[in-house]
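Letter by letter, the chains look like this.
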Amino acid sequence: MTTQIFMASTLYGTATLAAALDSGCFAPADRRILLVSNNATTPETTPAVDEMPGFERLRSRFDDVLSWNEAIFPFHPGGWAPRLEDVPLWERYLRLLWELGDDDLALAVESIQVNPALGMTQIFTDAPVTVYADGLMSYGPTRNKIDPLVGTRVERLLHLDLVPGLEPLLLTEFGVAPEIVATPAFTKVLAELAGTGDALPDVTEPALLLGQYLSALNILSPEEEENLHVRMLEGAVHLGHTRVVFKPHPTAPARFTRTLEDEAERLGVALTVVDTPVLAEVLYQRMRPALVVGCFSTALLTASALYGLPVARVGTETLLNRLTPFENSNRVPVTVVDALLPEPTDGAAVAERRGRMDTGALGDLVRTVGFTMQPKILPDLRPEAERYLATRLDDTTRRYFRRKRLTSLGLPGGVPPQLAFLPRNTTVRKVARKARRLRRTMMRR
């Protein structure tokens, strides 16, 4: 017997899996299990994937739907992994709980570098792994070093072709081949969801604003995020839109909406807030927005690439400077959106769907950013990064790098050319480390 276990934490990810199954990306199996993981901070108060509108349209692809949260209760999916000595015990427990017997298993997981996906792959040590990407992060490097006992079992990376021509960096250190989930299959799955959300407002061709709840990730403060939404609204108004729909993040606080409502009233804009937890792609089909405005949401790229809608981004420059540490896994998604999509203040660029650079130039940029983020994971990219920074670092591309980071890596664009020997000078580095230690000691006093 063969059993395939598909782990999903979002409806978008589940739709990606459904499209992959429909297009024959997975071999036949005797049993297919959808393992739902609710990764919200408080899962008890947040609907899981199988409780969201539209899930039943996807349910038929799987023989069983099981809960990872229930299996590991009382632990939280995002913060728990099995201890090495407990792995055999956990495998026996899960095989009994899910009636797996001695089945041969195959796993399909997202975000393999962190839990819960990492924990799952560590428990079923003999199972081959497929990683599927449900967003823009697949274009960036693997955020953490993965145990070779896990990484070498990954057979492929399934991803949507959100940026045609751009190759993912995720898991390339293990030679994992990327495989595109056919766009027609994905849009067909999304079409199945178009009729969901009976309580959705009846609005046609509005400007649609996408909230992301970045303050929950400590990227922005709550006040800064409220201001970000206001800037989205102002951008839509600048482009002549008087009907606006705001789709808040499902876990965002209600006060974000109230602030936006006050600003809409001041600007004389008819604002509608979507309270139903549906995918943005459902709104694209139901409302056919005249404009989609967001920060760096993957939904901006689906709007542009899959539905041909005008899009604009707000706040990406702030995030490029704010993301910490530099290797923050959101850096490549922010870079991609910043480079490809226009700001609403540039009406001509929005109308022409023109960003800072084309896909070819973006690929070179992303590989260089990826190396500066994870030089130990992607050391082979160093020569390419050096060439790029030596020849193409200008006023347009400088925003994607920090001088301090380039200096620490001994890359062009860091210290002035006449001092370029310093980052690799052993004596200088020792003196700098000693100075930093002395400074910390003095500050503690």
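Residues numbered from 1 in each chain as written. Predicted model: local features only at pLDDT ≥ 70, side-chain atom pairs only at ≥ 80, totals over all residues. Heavy atoms only, no water.

Some details on helix α7 (residues 183–192)
Residues separated by three or four positions in an α-helix point in the same direction, a consequence of the helix having 3.6 residues per turn. Among the residues of α7, A185, F186, V189 and L190 are the ones counted as buried. Axial view of α7: buried residues confined to an arc of 135 degrees, hence all on one face. In α7, the exposed residues that point more than 90 degrees away from the buried face are P184 and K188. Buried residues along α7 sit in contact with α1 (11–22), α2 (55–58), β6 (154–160) and α10 (280–287). (Buried < 20%, exposed > 50% of the residue type's maximum accessible area, 1.4 Å probe, protein only. Helix = DSSP H or I, 4+ residues; strand = E, 2+ residues; numbered from the N terminus. Arc of directions from axis to C-beta. Contact = heavy atoms within 4.5 Å.)

Observations concerning the pairing of strand β10 (residues 270–273)
Judged from the four bridges that link them, strand β9 (residues 243–247) and β10 form a sheet pairing that is parallel. Note on β10: the bridge partner recorded for R243 is A270. Between the parallel elements β9 and β10, the chain passes through helix α9 (residues 254–267) in a crossover that is right-handed. (Pairing = 2+ DSSP bridges. Right-handed = clockwise from strand over helix to strand, strands pointing away.)

Digging into a positive patch on the surface
The grouping of K404, K430, R433, K434, R436, R437 and R440 at the surface amounts to a positive patch. Among the elements that line the positive patch, the one with the most residues is helix α18 (residues 426–444), at six residues. Residue position: R436 is located in helix α18. (Patch = residues over 30% accessible without salt bridge, like charges linked within 9 Å, V, L, I, M, F, W, Y side chains within 5 Å. Areas by Shrake-Rupley, 256 points an atom, 1.4 Å probe, with all protein chains shown as cover. Salt bridge = Lys/Arg side-chain N within 4 Å of Asp/Glu carboxyl O. Lys, Arg positive; Asp, Glu negative; His and termini not counted. Charge placed at Lys NZ, Arg CZ, Asp CG, Glu CD.)

A short note on the environment of L381
Tracing the sequence through the fold places L381 in the loop between α15 (359–373) and α16 (382–392). L381 sits in the buried class, given a relative accessible area of 9%. Residues L381 and R367, 14 residues apart in the sequence, show an inter-C-alpha distance of 7.3 Å.

As for the environment of N39
Among the secondary structure elements, N39 is positioned in the loop between β2 (31–36) and α2. Residue class for N39 comes out partly exposed when judged on its relative accessible area of 34%. The contacts of N39, once residues within four sequence positions are left out, are S9, H76, P77 and P116. A polar side-chain atom of N39 sits 2.7 Å from a polar atom in the side chain of S37. (Polar contact = N/O pair within 3.5 Å; in protein donor to acceptor, adjacent residues only side chain to side chain.)

A closer look at α10
The element α10 is extensively covered by neighbouring structure, given that six of its eight residues are classed as buried. Listing the buried residues of α10 in full gives A280, E281, V282, L283, Y284 and M287. Looking at the buried residues of α10, the elements they touch are α1, α7, β8 (207–210), β9, β11 (291–294) and α11 (298–305).

Describing the sheet that holds β10
Strand order in this open sheet of five strands is β10-β9-β8-β11-β12, and the pairing throughout is parallel. Two strands close off the open sheet at either side, each with one partner strand: β10 and β12 (311–313). Sheet twist, expressed as the mean angle between neighbouring strand axes with direction ignored, is 20 degrees. With four bridges connecting them, β8 and β9 associate as parallel partners. Bridged to L209 within β9 is F246. Helix α8 (residues 222–238) contacts β8, β9 and β11 of the sheet and is inclined by roughly 165 degrees relative to β8. Packed on one face of the sheet, α10 meets β8, β9 and β11 and runs near 175 degrees to β8. (Axes fitted to C-alpha atoms, helices over the stretch in contact; angles between N-to-C directions.)

What about the pattern of salt bridges?
Scanning all chains against the criterion turns up 19 salt bridges. Between D364 and R392 there is a salt bridge, with its nearest N and O atoms 2.8 Å apart. You can see D364 sitting in helix α15 and its partner R392 sitting in helix α16, a full 28 residues away along the chain. Given a relative accessible area of 28%, D364 falls into the partly exposed group. Shared partners join several salt bridges into a network, and the residues in it are R313, E317, D338, E343, R356 and R399.

Functional significance is not addressed by these values, which are geometric in nature.
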